[in-house]
Amino acid sequence: MMNSAASEHCFIPIDASHISTVWHWRNSDRVRANMHYDKLITWDEHEHWFEALRQDIDRECWIYCQHARPIGVLNFSDTQRKVMQWGCYLGEVNCAPGSGLILEWAALEYAKQKTNCIGLDAQVLSFNTAALKLHKLFDYELMKIESGGMRRRDEQSELTLFDIHFFHYAMQKWQQHREKVLTKLPKPIQRGCQQVTFLSKEQE
């Protein structure tokens, strides 16, 4: 049972009960459009992904819940290393305003809790302007830009070139800037960020 006091903006480890929901999220046009792999994912591929995830000590997948309702995903890889990688998406469209900002905050706060983590890396495709704006607002450092290839944005559009933006955030910098970043956010989002909780399986 999820702790109701912490359920407004909480993150719980993915488990078998989330498999079908996450599969539909991953295959939605809106989510696939901004991923490195934008093809439809079969159920077998999705099951294999989940089993591989469960056995990989270097990866973590958290389900973002608002008022105990699953709405998105927060992924981490390289979790046993000094610099972790992360990515996220909102699977549902009818979420509280500013949910993407809260995901950004949660990723950095989770990395801060990892005693061995000194930095957090992220990759964003150049046409994902919303994510690029969020990273700029939070003051990520742009490390490099590489060619990503060609992508058709929808069935009617032509193939166009896109880039991959590589970002880094040093945990020492986050410790120093987190309060400044928080004050730049709207008051309701500030409250949401302060309510972010990561629940272990024992706390659900």
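Source: prediction; values computed, not measured. (Residues numbered from 1 in each chain as written. Predicted model: local features only at pLDDT ≥ 70, side-chain atom pairs only at ≥ 80, totals over all residues. Heavy atoms only, no water.)

Below, the discussion takes up the pattern of salt bridges. By the definition in use, this model includes 14 salt bridges. Two residues, D56 and R59, come together in a salt bridge whose shortest N-O distance is 3.1 Å. Judged by its relative accessible area of 28%, D56 is partly exposed. Residue R59 is classed as partly exposed on the basis of its relative accessible area of 26%. Among the ionic pairs, K114 bridges to E60, the shortest N-O distance being 2.9 Å. (Salt bridge = Lys/Arg side-chain N within 4 Å of Asp/Glu carboxyl O. Buried < 20%, exposed > 50% of the residue type's maximum accessible area, 1.4 Å probe, protein only.)

Another aspect to go through is the packing of helix α1 (residues 19-27) against helix α3 (residues 43-55). With their axes 11 Å apart at the nearest point, α1 and α3 run at an angle of 120° to one another. Judged on the interaxial angle alone, α3 and α1 are oblique. Note that α1 runs across α3; the crossing there is right-handed. Touching I19, S20, V22, W23 and R26 of α1 are W43, H46, W49 and F50, all from α3. Within the contact of α1 with α3, the residues separate by chemical class into 6 nonpolar, 2 polar and 1 charged. (Axes fitted to C-alpha atoms, helices over the stretch in contact; angles between N-to-C directions. Helix = DSSP H or I, 4+ residues; strand = E, 2+ residues; numbered from the N terminus. Parallel < 35°, antiparallel > 145°, perpendicular 65-115°, else oblique. Left-handed = near helix turned anticlockwise from the far one by under 90°. Contact = heavy atoms within 4.5 Å. Nonpolar A, V, L, I, M, F, W, Y, C, P; charged D, E, K, R; others polar.)

Moving on, we get to the environment of M35. Here M35 is to be found in the loop between α2 (29-32) and α3. A relative accessible area of 27% places M35 in the partly exposed class. It is 9.3 Å that separates the C-alpha atoms of M35 and N128, two residues lying 93 residues apart in sequence.

Right, let's get into the side chain of E104. Summarising the element assignment, E104 is placed in helix α4 (residues 99-113). The charged side chain of E104 is buried without a salt bridge, its nearest counter-charge being K184 at 11 Å. One polar contact links E104 to H135, side chain to side chain, over a distance of 2.8 Å. If we ignore the near neighbours within four places in the chain, the residues touching E104 are W86, L134, H135, F138 and Y140. (Lys, Arg positive; Asp, Glu negative; His and termini not counted. Polar contact = N/O pair within 3.5 Å; in protein donor to acceptor, adjacent residues only side chain to side chain.)

Time to look at the pairing of strand β4 (residues 83-90). Looking at chain direction, strand β3 (residues 69-77) and β4 are connected through 6 bridges and run antiparallel. Looking across to β4, one finds that F76 is bridged to W86. Hairpin remark: β3 followed by β4, antiparallel, with 5 residues in the connecting loop; positive phi at D78, about 55°. Where β4 lies against strand β5 (residues 119-125), 4 bridges are found, and the strand directions are parallel. (Pairing = 2+ DSSP bridges.)

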